[in-house]
Amino acid sequence: EEPYLNSRENKPRVAILREQGVNGQTEMAAGFTQAGFEAVDVHMSDLLSGRINLRDFDGLVACGGFSYGDYIRTGMLSSKSPVMNEIEKHARQGSKVLGICNGFQILCERKMLPGTLRKNKNLTFICDIVRIRNVKTNKLYVLPMAHGEGNYYHSNPSEVNVAYRYVYDVNGSVENIAGIYNDEGNVLGIMPHPERAFKGYHHSEDGTEIVKQFMEK
């Protein structure tokens, strides 16, 4: 087993969802462990075979990476996976679902979140440290970002339940949107990486607070 995964402790359980092309599952599990959760490695084949059931978890997390090589569009093939029916069902029942970077793209492709993620305005992959602002509390957070298609678009952004905005325009996202909720607030998609900001040697430890705020709200 990989470090931090399948720790089996008496804490809120979070499924760290994994499939072809996902590459952020270990750091995601480490970040959730740091935040006080039990992180469990869940491959899509575990769900298809029935070895693991999503009802045993307090939250579901779709990680960053390049699922299925991002063929056709980022997140599109993953959004068509049969297990997404079960994930969507749990979200409708109120379960917490968090999508980070590629996970955000998947949730938008699945229409679990509104809008779409397009190529960055400068058509390059951006790997940088950015500041984002919590729309409700106005608090600033420092997080890493790494994506080529994080340019969020919605034809009517006033209809979007915005969670976070970039402090400045980093990729062309409409109204500097960095993360959004669904209307009910139990599904969150965010492009910057909170799971890469939780140790003293990271640029910040702000990711822990972002994860806990969402999972405990």
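Everything discussed here concerns the structure shown above.
A short tour of the structure in this document, coming up. What you see is a predicted model, and the numbers here were worked out from it, not measured in a lab. (Residues numbered from 1 in each chain as written. Predicted model: local features only at pLDDT ≥ 70, side-chain atom pairs only at ≥ 80, totals over all residues. Heavy atoms only, no water.)

**Observations concerning the state of the cysteines**
Our working rule: A pair of sulfur atoms, both from cysteines and within 2.5 Å, is called a disulfide here. Working definition: with a 1.4 Å probe on protein chains only, accessible area under 20% of the residue-type maximum means buried, over 50% means exposed, and in between means partly exposed.
Evaluation of the coordinates by the stated rule reveals zero disulfides. As a non-bridged cysteine, Cys127 has Cys101 as the owner of its nearest cysteine sulfur, 10 Å distant. Owing to a relative accessible area of 63%, Cys127 belongs among the exposed residues under this scheme.

**Focus: helix α4 (residues 83–92)**
Applicable threshold: Only DSSP runs of H or I covering at least 4 residues are called helices, and only runs of E covering at least 2 are called strands; the numbering of each starts at the N terminus. The directions from the helix axis to the C-beta atoms form the arc being described.
Buried residues of α4: Val83, Met84, Ile87, His90 and Ala91, and no others. Axial view of α4: buried residues confined to an arc of 120°, hence all on one face. One or two steps after α4, the chain reaches Gly94, where phi turns positive at roughly 105°.

**With respect to a nonpolar patch on the surface**
Applicable threshold: Only residues whose relative accessible area exceeds 30% and that take part in no salt bridge are eligible for patches, with like-charged residues grouped when within 9 Å of each other and nonpolar side chains (Val, Leu, Ile, Met, Phe, Trp, Tyr) grouped when within 5 Å. For the accessible areas, the method is Shrake-Rupley and the probe is 1.4 Å, while residue cover comes only from the protein chains on display. Salt bridges are defined by distance alone: a side-chain nitrogen of Lys or Arg within 4 Å of a carboxyl oxygen of Asp or Glu.
The grouping of Tyr71, Ile72 and Leu77 at the surface amounts to a nonpolar patch, some 350 Å² of accessible area in total. With a relative accessible area of 64%, Ile72 lands in the exposed category.

**Focus on the environment of Glu38**
Relative to the helices and strands, Glu38 is located in strand β2 (residues 38–43). Distance from Glu38 to Ala15, taken between C-alpha atoms, is 8.6 Å for residues 23 residues apart in sequence.

Function cannot be read off these values alone, since they describe shape.
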